[in-house]
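Residue-level listing of the chains:
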Amino acid sequence: MRLLLTLVLTLILALLAACTSSPRVEYTPPDFQTALNAVNQARAVARTCTSGSNTQSYAAAPALSWNGLLGEVARQRAEYIQQTGEFSHQEGSSSTFAVATRSQQNGYRYKEIRENLAQGHGTATDAVNAWLASTQGHCDTLIAPNLREMGMVKAGDYWVLVAAEPQ
């Protein structure tokens, strides 16, 4: 009887645990400091970014700090892109911004969130330099002064930067 009671209690506890929110998973790759330094070196200099036909001048921006939740979001995005070959800000047939959905699923709350994708760059510095030279809004994402935190990961040939202004 005691064994049966123990099994029933164990089952009840397992069911209750399954009903609670998932634990916050954080990810910080061993080389995160290299990516953080590359982004912050870019932010430390006043620059002009071009997006389409618009040009925006920025003063030097405050340094970003590493956030393990954004690191996890970047890791998930980079691995998804590597596995599927879908080099896009959307996933599958969804028209929603994948990084926003993944951030919410991982428990990260933000006022604003942005994502940069790169392919074919060997180092974090190479990816950052490509984003700075881009005319598709990537430079603006790197330099936006309201952004405060980031995660950046490479999976295979793909880089993903997630930068956000937390709530």
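Above: the structure in question.
Figured I'd write up the structure that's included with this text. All figures in this text were calculated on a predicted structure; none of them were measured in a lab.

Within the chain, the secondary structure is distributed over six helices and six strands. Reading the secondary structure of the chain in the N-to-C direction produces α-α-β-β-β-α-α-β-α-α-β-β. The burial tally for the chain puts 42% of its 167 residues in the buried class. Here the analysis covers contacts within the chain between residues at least 6 apart in sequence; of these, 69% occur between residues at least 24 apart. A total accessible area of about 9100 Å² is found for the chain, and carbon and sulfur atoms account for 54% of it.

The strands making up a sheet associate through backbone hydrogen bonding, with each pair oriented either parallel or antiparallel. Across the sheet, which stays open at both edges, the four strands sit in the order E3-E5-E6-E4 with mixed pairing between neighbours. Edge strands, defined here as strands with exactly one partner in the open sheet, are strand E3 (65-66) and strand E4 (110-119). Contacts from helix H3 (residues 68-84) reach E3, E4, strand E5 (149-155) and strand E6 (158-166) within the one sheet, and its direction differs from that of E5 by about 30°.

Attention shifts here to the packing of helix H2 (residues 32-43) against helix H5 (residues 124-133). Angle between the axes and distance between the axes are the two parameters that describe a pair of packed helices. The geometry of H2 relative to H5 is characterised by a closest axis approach of 8 Å and an angle of 30° between their N-to-C directions. The pairing of H2 with H5 is recorded here as roughly parallel in orientation. In terms of crossing hand, the pair formed by H2 and H5 is right-handed. Between H2 and H5, the contacting residues are Thr34, Ala35, Ala38, Val39 and Ala42 on the first element and Ala124, Thr125, Val128 and Leu132 on the second.

Here a ring pair, both rings aromatic, is described through the centre-centre distance and the interplanar angle of the planes. Scanning all chains against the criterion turns up two aromatic pairs. Ring centres 5.7 Å apart and planes at 35° place the aromatic pair Phe87 and Tyr158 in the tilted group. Of the two residues, Phe87 sits in the loop between H3 and helix H4 (98-105) while Tyr158 sits in strand E6, which places them 71 residues apart along the sequence. Residue Tyr158 is classed as buried on the basis of its relative accessible area of 12%. Note that Arg75 overlies the ring of Tyr27, its terminal NZ or CZ placed 5.9 Å from the centroid.

A covalent bond between the sulfur atoms of two cysteines is what we call a disulfide. A full pass over the atoms with the stated rule returns one disulfide. Covalent S-S linkage joins Cys49 and Cys139, the inter-sulfur distance amounting to 1.9 Å. With the S-S dihedral at roughly -50°, the linkage between Cys49 and Cys139 falls on the left-handed side. You can see Cys49 sitting in strand E1 (residues 47-51) and its partner Cys139 sitting in helix H6 (residues 138-143), a full 90 residues away along the chain. When its relative accessible area of 1% is taken as the criterion, Cys49 is described as buried.

A word on the side chain of Ser103. Along the polypeptide, Ser103 turns up in helix H4. You can call Ser103 buried: its relative accessible area is 0%.

With that settled, the discussion passes to the environment of Thr135. Relative to the elements of secondary structure, Thr135 occurs in the loop between H5 and H6. Here Thr135 falls in the partly exposed class, since its relative accessible area comes to 39%. Separated by 86 residues in the primary sequence, Thr135 and Cys49 have C-alpha atoms spaced 7.5 Å apart.

Criteria and thresholds
- Residues numbered from 1 in each chain as written.
- Predicted model: local features only at pLDDT ≥ 70, side-chain atom pairs only at ≥ 80, totals over all residues.
- Heavy atoms only, no water.
- Helix = DSSP H or I, 4+ residues; strand = E, 2+ residues; numbered from the N terminus.
- Buried < 20%, exposed > 50% of the residue type's maximum accessible area, 1.4 Å probe, protein only.
- Contact = heavy atoms within 4.5 Å.
- Areas by Shrake-Rupley, 256 points an atom, 1.4 Å probe, with all protein chains shown as cover.
- Pairing = 2+ DSSP bridges.
- Axes fitted to C-alpha atoms, helices over the stretch in contact; angles between N-to-C directions.
- Parallel < 35°, antiparallel > 145°, perpendicular 65-115°, else oblique.
- Left-handed = near helix turned anticlockwise from the far one by under 90°.
- Phe/Tyr/Trp six-rings, centres within 6.5 Å; stacked < 30°, edge-to-face > 60°.
- Lys NZ or Arg CZ within 6 Å of the ring centre and 35° of its normal.
- Disulfide = S-S within 2.5 Å.

Just distances and angles here, no functional claims.
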